[in-house]
Amino acid sequence: SHGAPSLPLLSVYRSNRAELLARLLAARLLLTPPHPFEQVQVVVNTWPTSRWLGEQLAIHLGGIAANLRFPFPDSRLRQLVAPTQEEDPWRASHLVWPVLELLPSIAARSEGEPLRTWLGGRDLDRRLDLACWQLGRAIADAFDDYGLYRPDLLRAWEEGAGSDERTRALPESQRWQPLLYQALRRHLGSEPFGLRVLRVIEQLRLGTPPAGLEVGPLRLFGVSRLAPVQVELLQALSATMPVEIYLLTPCRDLWQRCTDRRRELSDALALQRPLDADWLRAAPGLEARFGRMGAEFQQLLEGTGDAQLGT
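These lines cover the structure that appears in this document, whether it is placed above or below. (Residues numbered from 1 in each chain as written. Predicted model: local features only at pLDDT ≥ 70, side-chain atom pairs only at ≥ 80, totals over all residues. Heavy atoms only, no water.)

## Section: the overall build of the chain
Per the secondary structure count, the chain includes 15 helices and 6 strands. Residues counted as buried form 42% of the 311 residues belonging to the chain. For the chain, the proportion of contacts with a sequence separation of at least 24, taken over those separated by at least 6, is 74%. Carbon and sulfur atoms make up 53% of the accessible area of the chain, which totals about 17100 Å². (Helix = DSSP H or I, 4+ residues; strand = E, 2+ residues; numbered from the N terminus. Buried < 20%, exposed > 50% of the residue type's maximum accessible area, 1.4 Å probe, protein only. Contact = heavy atoms within 4.5 Å. Areas by Shrake-Rupley, 256 points an atom, 1.4 Å probe, with all protein chains shown as cover.)

Okay, structure coming up:
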């Protein structure tokens, strides 16, 4: 009816057999066939999965599967959020050189005592040895990870805070990090990918998707792990485009116990806490050893529970 809230467009199809999920994906493509010149993209985690899935789709689509692409999650979501950006200067491989350029000025600050001690009088402007490059790369890797796994931390530093994302004061040995981040932000002139994702999520939740956003559908096959902010982006995108997730899961019981745990702890606590020892002791041996990552991913994926679960 007019004015009724729209149904969620996030559909999760789960099975413990990958061939059944591939057959279901093929059936979905037959029911709602793409335009002959439309490129069909299915997000996968590994290259071997893409080869196998392409063969399976060809079998179930009449012998031919053309114009298919199998991007990895990070590249596909970056394409959705920043379609015009060719190179991200915040990726670790690009970030290491600006980090090395700015380190001496940060080390000269009062908060830079740990850096001064480590550098031990080295002049990075005149000579760069292997140990200094390894330090710069380690810092670049950490900042790259912050953008994906702790964007709220960078947002706090963006606002000038010297604390973490929970407003807790940083130890003295880490107080140089927000100074370096702020210097990098000015030097690069662009924001990290994680902050851009947070802004897009806020726009989608307000019902104002950014201009140029694709209309979907967005398909993911066999993806077993994503960063929390990437899962939040999928949930937000499902308000404007169909999102289909073909998920390998060992059994119905695992999913049900994940749902029960969320109900007992509340959504917010279940999504923030990893699976504890009691939960693992109650799980069968193999599941406890090898299913923890998948179970925690399902905790994130369910979010508020506004999802259609296909069997």
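Having put the structure on the table, let's press on.
## Focus: the nonpolar core
Grouped together as the largest cluster of nonpolar side chains are 61 residues, with contacts concentrated most on Leu180 and Leu218. Sorting elements by how many residues they give to this core places helix α4 (residues 92-107) first, with 9 residues. If near-sequence neighbours (up to four positions away) are discounted, Leu180 is found in contact with Val99, Leu102, Leu103, Ile106, Ile139 and Phe143. Residues Leu25, Ala26, Phe221 and Tyr246 belong to the second largest nonpolar core, which totals 14 residues. (Core = buried A, V, L, I, M, F, W, Y, C linked by side-chain atoms within 4.5 Å.)

## A short note on the pattern of salt bridges
Scanning all chains against the criterion turns up 14 salt bridges. Across the pair Arg155 and Glu202 runs a salt bridge whose closest N-O atoms are separated by 2.9 Å. Note that Arg155 is positioned in helix α7 (residues 151-158) and Glu202 in helix α9 (residues 193-205), a separation of 47 residues in sequence. Given the relative accessible area of 41%, Glu202 is considered partly exposed. With a shortest N-O distance of 2.2 Å, Glu191 and Arg199 are connected by a salt bridge. (Salt bridge = Lys/Arg side-chain N within 4 Å of Asp/Glu carboxyl O.)

## Side note on the packing of α7 against helix α8 (residues 176-188)
How two helices pack is summed up by the angle between their axes together with the distance between the axes. Viewed as axis vectors pointing N to C, α7 and α8 meet at an angle of 80°, and their least axial separation amounts to 9 Å. Regarding the angle of α7 to α8, the classification is roughly perpendicular. Residues Leu154, Trp157 and Glu158 of α7 form the contact with α8, whose participating residues are Gln177, Pro178, Tyr181, Gln182 and Arg185. Its residues assigned to classes, the contact of α7 with α8 comprises 4 nonpolar, 2 polar and 2 charged. (Axes fitted to C-alpha atoms, helices over the stretch in contact; angles between N-to-C directions. Parallel < 35°, antiparallel > 145°, perpendicular 65-115°, else oblique. Nonpolar A, V, L, I, M, F, W, Y, C, P; charged D, E, K, R; others polar.)

## Some details on the side chain of Arg196
Locating Arg196 in the fold gives a position in helix α9. As a buried residue without a salt bridge, Arg196 has its nearest oppositely charged side chain in Glu191, at a separation of 4.0 Å. (Lys, Arg positive; Asp, Glu negative; His and termini not counted.)

## Considering the side chain of Arg78
Mapped onto the fold, Arg78 is located in helix α3 (residues 73-81). Take Arg78: its relative accessible area is 15%, and that puts it in the buried class. If we ignore the near neighbours within four places in the chain, the residues touching Arg78 are Pro83, Asp88, Arg91 and Phe193.

## Regarding helix α1 (residues 18-31)
In this model α1 runs 20 Å from its N-terminal to its C-terminal C-alpha over 14 residues, within 8% of the 20 Å that 1.5 Å per residue would give. In the core, the buried residues of α1 are packed alongside β1 (10-15), β2 (40-43), α2 (47-60), β4 (218-221) and β5 (243-248). (Expected span 1.5 Å × (residues − 1).)

## Remarks on the pairing of β4
Residues of β4 alternate between two faces, with Leu218 and Leu220 on one and Arg219 and Phe221 on the opposite face, all of them buried. Looking at chain direction, β2 and β4 are connected through 2 bridges and run parallel. Following the sheet pairing, Val42 is matched in β4 by Arg219. Handedness of the crossover joining β4 and β5 through helix α10 (residues 228-237): right-handed. (Pairing = 2+ DSSP bridges. Right-handed = clockwise from strand over helix to strand, strands pointing away.)

## Some thoughts on unusual backbone geometry
At Asn67, a residue that is not glycine, the phi angle is positive and equals roughly 60°. With respect to the helices and strands, the residue Asn67 is situated in the loop between α2 and β3 (68-69). Phi is positive for Thr167, close to 60°, though the residue is something other than glycine. Its place among the elements puts Thr167 in the loop between α7 and α8. Residue class for Thr167 comes out exposed when judged on its relative accessible area of 67%.

## Focus on the packing of aromatic side chains
Enumeration over the complete set of coordinates arrives at 8 aromatic pairs. Each ring, one from Tyr13 and one from Tyr246, has its centre 5.2 Å from the other, and the planes form 20°; the classification is stacked. With a gap of 233 residues between them, Tyr13 in strand β1 and Tyr246 in strand β5 connect regions that are remote in the sequence. In terms of burial, Tyr13 and Tyr246 fall into one category: buried. Through a chain of ring-to-ring contacts, three or more aromatic side chains come together here, namely Trp90, Phe143, Tyr146, Trp157 and Tyr181. Looking at Arg78, its charged tip hangs above the ring of Phe193, at a distance of 4.2 Å from the centre. (Phe/Tyr/Trp six-rings, centres within 6.5 Å; stacked < 30°, edge-to-face > 60°. Lys NZ or Arg CZ within 6 Å of the ring centre and 35° of its normal.)

## Let's talk about the packing of helix α6 (residues 130-149) against α7
One way to put it is that α6 packs onto α7 with a least axis distance of 5 Å and a crossing angle of 105°. Relative to α7, the element α6 is oriented roughly perpendicular. For the pair α6 and α7, contact is made by Phe143, Tyr146, Gly147, Leu148 and Tyr149 and by Pro151, Leu153, Leu154 and Trp157, respectively. Among the residues forming the contact of α6 with α7, the class breakdown is 8 nonpolar, 1 polar and no charged.

Taken by themselves, the reported measurements are silent on function.
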